[in-house]
Amino acid sequence: MDNTTNASKFQIFFDFVELPTSAVTFIPMFIGFLWTYYHYGTLNWGNALLFFIPAMIFDMTVTAINTVMDYKKAIDIDFKEKDNPIGKYHLDYRKMVLFVRIALLVAIAFSLILVWRTDAMLLFIGGFAFLTGICYTYGPVPISRTPFGEIASGIVQGIGVLFFSVYVTRYESLLSSTWNSNGMMQIHIGWGEIFQIILLALPMFALTANIMLANNTRDSDQDIVNERYTLVYYIGRPNAIFLYQLLSLVPWISWALYIILGWIPWWSVITFILIIPHFKMIKRYTQGTKAHQPEAFNESVKSFMLFAIGYLITLLLAVIF
């Protein structure tokens with residue numbers, strides 16, 4: 001990286017791949033691992049590690065692609081030269097593209113090893129997830145520049161990561177394949193298990209989508225200048241704020257459902273104490289966004305972390321006791 005500023009190389013890399021956002025991938029992944037151990041009583045640690053590596057690399061790669069594409073497509077010169085990490089740190093654009101390509105190849109290589117260790121079905125469903133992630137930030141019209149960015153990020157990072165973290169260690173219970181003597185593939189689908197995991201991932205879907213929604217609400221004016229027509233552009237800031245509030249209810253409604261269905265221990269009801277700080281965060285976000293305070297966006301990340309860590313700790317205690 002061609003750094004002509006006083007920033008450290010770590011700081012440049014930190015900004016280029018937006019490292020803090022990796023928590024959105026990291027936490028649902030570990031929720032999936034803990035749920036697998038709690039629900040099935042076992043966990044394939046080797047496959048878990050093999051999934052962790054490409055998942056984190058791919059997450060950073062997608063963010064890096066977004067940074068590169070934003071720089072390339074930017075119309076606002078101030079944004080291009082002062083806000084985007086490539087312009088801000090005077091990075092070599094071609095080297096950044098090369099970095100993205102190498103990182104993507106490394107992620108694919110590890111993923112293929114995981115396919116070999118699990119089932120051929122992972123090649124298909126994992127390939128679809130890869131394609132969605134790339135199309136999210138790359139192409140003539142990246143998904144992130146359309147009204148479908150929140151849905152795509154919620155599905156891939158919220159539901160997808162948690163599902164795959166369970167799948168790679170317990171694929172035979174979810175989706176597997178066998179070949180018969182005639183060379184025909186038979187696909188075995190555990191519909192009940194898959195549906196349960198999707199429901200368990202709903203809080204991560206809602207909170208991840210909210211981070212994207214908050215980001216697009218904060219940057220709505222700049223996005224329009226740079227021809228990024230996100231959901232906020234179509235529904236307006238007041239409706240975007242209302243949607244944010246609605247999505248913030250999903251984790252707690254889901255949590256109550258899990259307790260009623262017996263998917264998590266009854267004592268998990270104590271987690272509802274986190275509603276108090278969570279709704280304070282929603283209030284601060286709402287007031288700050290209405291007042292056009294950019295830092296209000298941070299409340300969406302805090303909301304994600306608050307619930308997600310509570311989810312993690314609950315499963316960890318369930319596993320231990």
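Residues numbered from 1 in each chain as written. Predicted model: local features only at pLDDT ≥ 70, side-chain atom pairs only at ≥ 80, totals over all residues. Heavy atoms only, no water.

Topic: the pairing of strand S2 (residues 185-189)
Inclusion rule: Strand pairing is assigned whenever DSSP detects at least two bridges linking the two strands. The secondary structure listing takes helices from DSSP runs of H or I that are at least 4 residues long and strands from runs of E that are at least 2 residues long, numbered from the N terminus.
When strand S1 (residues 175-179) meets S2, the two strands line up antiparallel, connected through five bridges. Bridging from a neighbouring strand, tryptophan 179 pairs with methionine 185 of S2. As consecutive antiparallel partners, S1 and S2 are separated by five residues, and within that stretch glycine 183 has a phi angle of approximately 80°, a positive value.

Regarding the packing of aromatic side chains
Worth spelling out the cut-off: A pair of aromatic rings is counted whenever rings of Phe, Tyr or Trp (Trp by its six-membered ring) have centres within 6.5 Å, and the orientation is called stacked for planes under 30 degrees apart, edge-to-face for over 60 and tilted otherwise. Three exposure classes are used, based on accessible area relative to the maximum for each residue type with a 1.4 Å probe and protein chains only: buried under 20%, partly exposed in between, and exposed over 50%. Whether a charge lies above a ring is judged from NZ of Lys or CZ of Arg, which has to be within 6 Å of the ring centre and within 35 degrees of the ring normal.
Applying the stated criterion across every chain yields a total of 24 aromatic pairs. Between the aromatic rings of phenylalanine 26 and phenylalanine 52, the centroid separation amounts to 6.0 Å while the plane-to-plane angle is 75°, which identifies the pairing as edge-to-face. With a gap of 26 residues between them, phenylalanine 26 in helix H2 (residues 23-40) and phenylalanine 52 in helix H3 (residues 45-73) connect regions that are remote in the sequence. With a relative accessible area of 35%, phenylalanine 26 lands in the partly exposed category. Put simply, the rings of Trp252, Trp255, Tyr258, Trp263, Phe272, Phe307 and Tyr311 pair up and form one aromatic cluster. One Lys or Arg, lysine 80, reaches over the ring of tyrosine 71 and ends 4.8 Å from the middle of that ring. Over the face of the ring belonging to phenylalanine 297 we find arginine 218, whose NZ or CZ atom lies 4.3 Å from the ring centre.

With respect to the layout of surface pockets
What counts is decided by this rule: Each cavity reported here is a set of points on a 1 Å grid over the protein atoms alone in which a 1.4 Å probe fits but cannot get out, each pocket an open set with protein on both sides within 12 Å along at least five of seven lines, and each lining residue one with an atom within 4 Å of a point. Grid points are joined across faces, edges and corners, and a volume is the space filled by probe spheres set on the points. Gly counts as polar in this scheme, as do all residues outside two lists: the nonpolar Ala, Val, Leu, Ile, Met, Phe, Trp, Tyr, Cys and Pro, and the charged Asp, Glu, Lys and Arg.
There is about 460 Å³ of room inside the second largest pocket. Lining the second largest pocket are 16 residues, and of these Ile125, Phe128, Ile159, Phe163 and Phe164 sit closest to its centre. Of all the secondary-structure elements, those providing two or more residues to the lining of the second largest pocket are helix H7 (121-137), helix H8 (149-174) and helix H9 (191-200). If one sorts the elements of the lining of the second largest pocket by residue count, H8 sits on top with seven residues. Considering only residue class, the lining of the second largest pocket consists of 14 nonpolar, two polar and no charged.

Examining the confidence of the model for the protein
Detail in the predicted coordinates should be disregarded across regions flagged by low pLDDT. Basically, it comes down to this: Residue-level confidence of the predictor is summarised by pLDDT, bounded by 0 at the bottom and 100 at the top. The contact definition used throughout considers only heavy atoms, calling two residues in contact when any of these lie within 4.5 Å.
Of all residues in the protein, 98% attain a pLDDT of 70 or more, and the chain-wide mean is 90. The low-confidence segment residues 1-5 (pLDDT under 50) makes 16 contacts with residues lying over four places distant or belonging to another chain.

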